[in-house]
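Take a look at the letters that make up each chain.
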Amino acid sequence: MGGSIIALVMQRWNLHRRIALVTVAVMGTRPPMVIAGFMIATGFLSRWLSNTARA
């Protein structure tokens, strides 16, 4: 239940877009770096959100 609420809050305040933009800004636009950046962001977010809440 808590993971679903966090996912709704992230969507409401566009945190998913902010995280994506910061990830690309920090890691750059080279394909290997973009993949690495999103792997790190996904690993970080998976600590608090269940797979069902992210889908």
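Residues numbered from 1 in each chain as written. Predicted model: local features only at pLDDT ≥ 70, side-chain atom pairs only at ≥ 80, totals over all residues. Heavy atoms only, no water.

## Quick notes on the packing of aromatic side chains
Reasoning step 1: Scanning the entire structure with this criterion turns up 0 aromatic pairs.
Reasoning step 2: The ring of W13 carries the charged tip of R12 above its face, separated from the ring centre by 5.1 Å. (Phe/Tyr/Trp six-rings, centres within 6.5 Å; stacked < 30°, edge-to-face > 60°. Lys NZ or Arg CZ within 6 Å of the ring centre and 35° of its normal.)

## Considering a nonpolar patch on the surface
Reasoning step 1: On the surface, a cluster of nonpolar side chains totalling about 310 Å² of accessible area is made up of I5, V9 and W13.
Reasoning step 2: Structurally, V9 is set in helix α1 (residues 2–12).
Reasoning step 3: A relative accessible area of 42% places V9 in the partly exposed class. (Patch = residues over 30% accessible without salt bridge, like charges linked within 9 Å, V, L, I, M, F, W, Y side chains within 5 Å. Areas by Shrake-Rupley, 256 points an atom, 1.4 Å probe, with all protein chains shown as cover. Salt bridge = Lys/Arg side-chain N within 4 Å of Asp/Glu carboxyl O. Helix = DSSP H or I, 4+ residues; strand = E, 2+ residues; numbered from the N terminus. Buried < 20%, exposed > 50% of the residue type's maximum accessible area, 1.4 Å probe, protein only.)

## With respect to helix α2 (residues 15–27)
A turn of α-helix holds 3.6 residues, and therefore any two residues three or four places apart point the same way.
Reasoning step 1: The terminal C-alpha atoms of α2 lie 18 Å apart, and with 13 residues this matches the ideal 18 Å at 1.5 Å per residue to within 8%.
Reasoning step 2: After α2 finishes, the residue G28 shows a positive phi value of roughly 100°. (Expected span 1.5 Å × (residues − 1).)

## Some details on the packing of α2 against helix α3 (residues 31–45)
Reasoning step 1: Look at α2 against α3: their axes get within 9 Å of each other, and the N-to-C directions meet at 135°. As summarised for this structure, α2 and α3 are arranged oblique, according to the angle between their axes. You can see that α2 and α3 cross each other, and the crossing is right-handed. Between α2 and α3, the contacting residues are I19, A20, T23, V24 and M27 on the first element and M33, A36, G37, F38, A41 and L45 on the second.
Reasoning step 2: Its residues assigned to classes, the contact of α2 with α3 shows 9 nonpolar, 2 polar and no charged. (Axes fitted to C-alpha atoms, helices over the stretch in contact; angles between N-to-C directions. Parallel < 35°, antiparallel > 145°, perpendicular 65-115°, else oblique. Left-handed = near helix turned anticlockwise from the far one by under 90°. Contact = heavy atoms within 4.5 Å. Nonpolar A, V, L, I, M, F, W, Y, C, P; charged D, E, K, R; others polar.)

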